[in-house]
Amino acid sequence: MVELLVVIAIIGILVALLLPAIQAAREAARRSSCLNNMRQIGIAIHMHHDVSNELPPSRMWDGGFTWAGVILPYLEQANVRDLADFTKDFADQNIAVKETPIPPYLCPSRSHDRPVNYLRSEVIPDVQTSSGGTVMGGGTTLGIRGDYACISSTFRSGQGNFDHVFDGAIVLPELKSGRRYKSRTRLSRIVDGTSNTFMVGENSYWMSARASIYDGNDNPGAILGRGAIARVKAQLPNGGRGIDFNKREGGSVAQDRFQHRGDDCESGAGCPVWFGGDHTGVINVTLCDGSSTAVSKDIDLAVLENFVTRAGEEVTSTDDL
C-alpha cells in the first residue's frame, strides 16, 4: 500500500510538472493558428488589390461595411458576400449576413462567450471598473465578432490634408454618388515599404465584444498613436459615441502599448481601445507585404507609430519589433 501511494505521488508530481509545458504547447499552437488567420487575411487583401488595384477602405461610410466585409470573397466566403447589399448600411443587412461566423476572423486564444457582439443595453463579461462595477457594451447592431482590426492612423497630427492625418495603409475612402466609394490607398502608395508598414492587427477584447467587425458605425479604422482625444473623436462616426478612451499624461489616447483584454477599465477613464491580444507577451500583426509576425506588448510607441505610417520615411526594421 505504501509503495502504491509513493507511485501515485510520483505520478502526480510528474503530471504537475508536465501540465505547464502542455499548456504552453497548446498556446503556441493557438498563436500559430492566429498567425495563420492573419496570413489568410493578408492574402485576401492582396487578392482584392490584384482585382481592384486598390486596398480596401477602413469602412465604406459611417454605418456601412468595413474592410472585413469587402474581402469576404477572398476568404472563401463569397456566399455571405452575395447575400450582402453594399449600398445599404450594415444595420439593414439580413441576419444571415450579420451573424454568419467567419472562422478566419477569430483568434483561437481568445474566449468567445457568444458569436455576436453585445448591445448597448448588455454587459460585456470580464470588464469591470476598479470599484467592482460593470461596464456596458457600446455596440448598437448585432453582428459577428472579429478579433482583428485594420490600422488606419497614428493621429500624431491633426493638421494638414487627409493623407497627413490618416497616414496608415487602410483608411477612409472617397465617397461617390450612389454610395459608391474609391479607396485612397494602394500598395504603390506604401512609400515606406510594404514590409515596414502595418496593415492589420489583433484588436482588444473590448473592441471584439462591443462592435461587429463589419459595422462601420462602431468599428472604424483603428488608431495606433498619440493623438489628442478630442481630435480622434472628431474623426469617428458620431463623434466616437460608445467608444471609451483611457487617458495618458497630457490627455492623449492610451495606445502607448498594446493592451490585454479590457481589464484596465476605470470609471471615468474608459477602457483600452482597439488593440490587444490574449497571447502572453505579444500580439500578432499583418504587414502590407502579406506576412504576419508577433510584436512585443512592451515595444516602444514610437517604433509602433513608425510601422503604422505608409509614407513617414522613417528608418525602421522588423528587427525592432
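Everything here concerns the structure above.
Treat the numbers as computed from the prediction; the structure is a model and nothing was measured.

On to the environment of Ile151. Assignment of secondary structure puts Ile151 in strand E3 (residues 148-153). Sequence-wise, Ile151 and Ile223 are 72 residues apart; in three dimensions their C-alpha atoms are separated by 6.2 Å. Every residue in contact with Ile151, bar those within four places of it in the chain, is listed here: Gly168, Ala169, Ile170, Phe198, Met199, Val200, Gly201, Ala222, Phe275 and Val308.

A few words now on the packing of aromatic side chains. Taken as a whole and assessed by the stated rule, the structure comprises six aromatic pairs. Both rings, one in Phe65 and one in Tyr214, keep their centres 5.8 Å apart while their planes meet at 55°; by these two values the pair is tilted. Residue Phe65 is located in the loop between helix H1 (2-52) and helix H2 (67-70), and its partner Tyr214 is located in the loop between helix H6 (205-210) and strand E7 (222-223); the two are separated by 149 residues in the primary sequence. When sorted by exposure, Phe65 lands in the same class as Tyr214, which is buried. Between Trp67 and Tyr105, the aromatic rings sit 6.2 Å apart at their centres with planes inclined by 70°, giving edge-to-face as the arrangement. Here Trp67 is found in helix H2, whereas its partner Tyr105 is found in the loop between helix H4 (95-99) and strand E1 (123-128), with 38 residues between them in sequence. Clustering of aromatic rings is evident, with ring pairs tying together Phe65, Phe86, Phe90 and Tyr214. Over the ring of Phe86 we find Arg81; its NZ or CZ atom is 3.8 Å from the centre of that ring. Its guanidinium or amino end placed over the ring of Tyr118, Arg114 lies 4.3 Å from that ring's centre, counting from NZ or CZ.

Rules of the game
- Residues numbered from 1 in each chain as written.
- Predicted model: local features only at pLDDT ≥ 70, side-chain atom pairs only at ≥ 80, totals over all residues.
- Heavy atoms only, no water.
- Helix = DSSP H or I, 4+ residues; strand = E, 2+ residues; numbered from the N terminus.
- Contact = heavy atoms within 4.5 Å.
- Phe/Tyr/Trp six-rings, centres within 6.5 Å; stacked < 30°, edge-to-face > 60°.
- Buried < 20%, exposed > 50% of the residue type's maximum accessible area, 1.4 Å probe, protein only.
- Lys NZ or Arg CZ within 6 Å of the ring centre and 35° of its normal.

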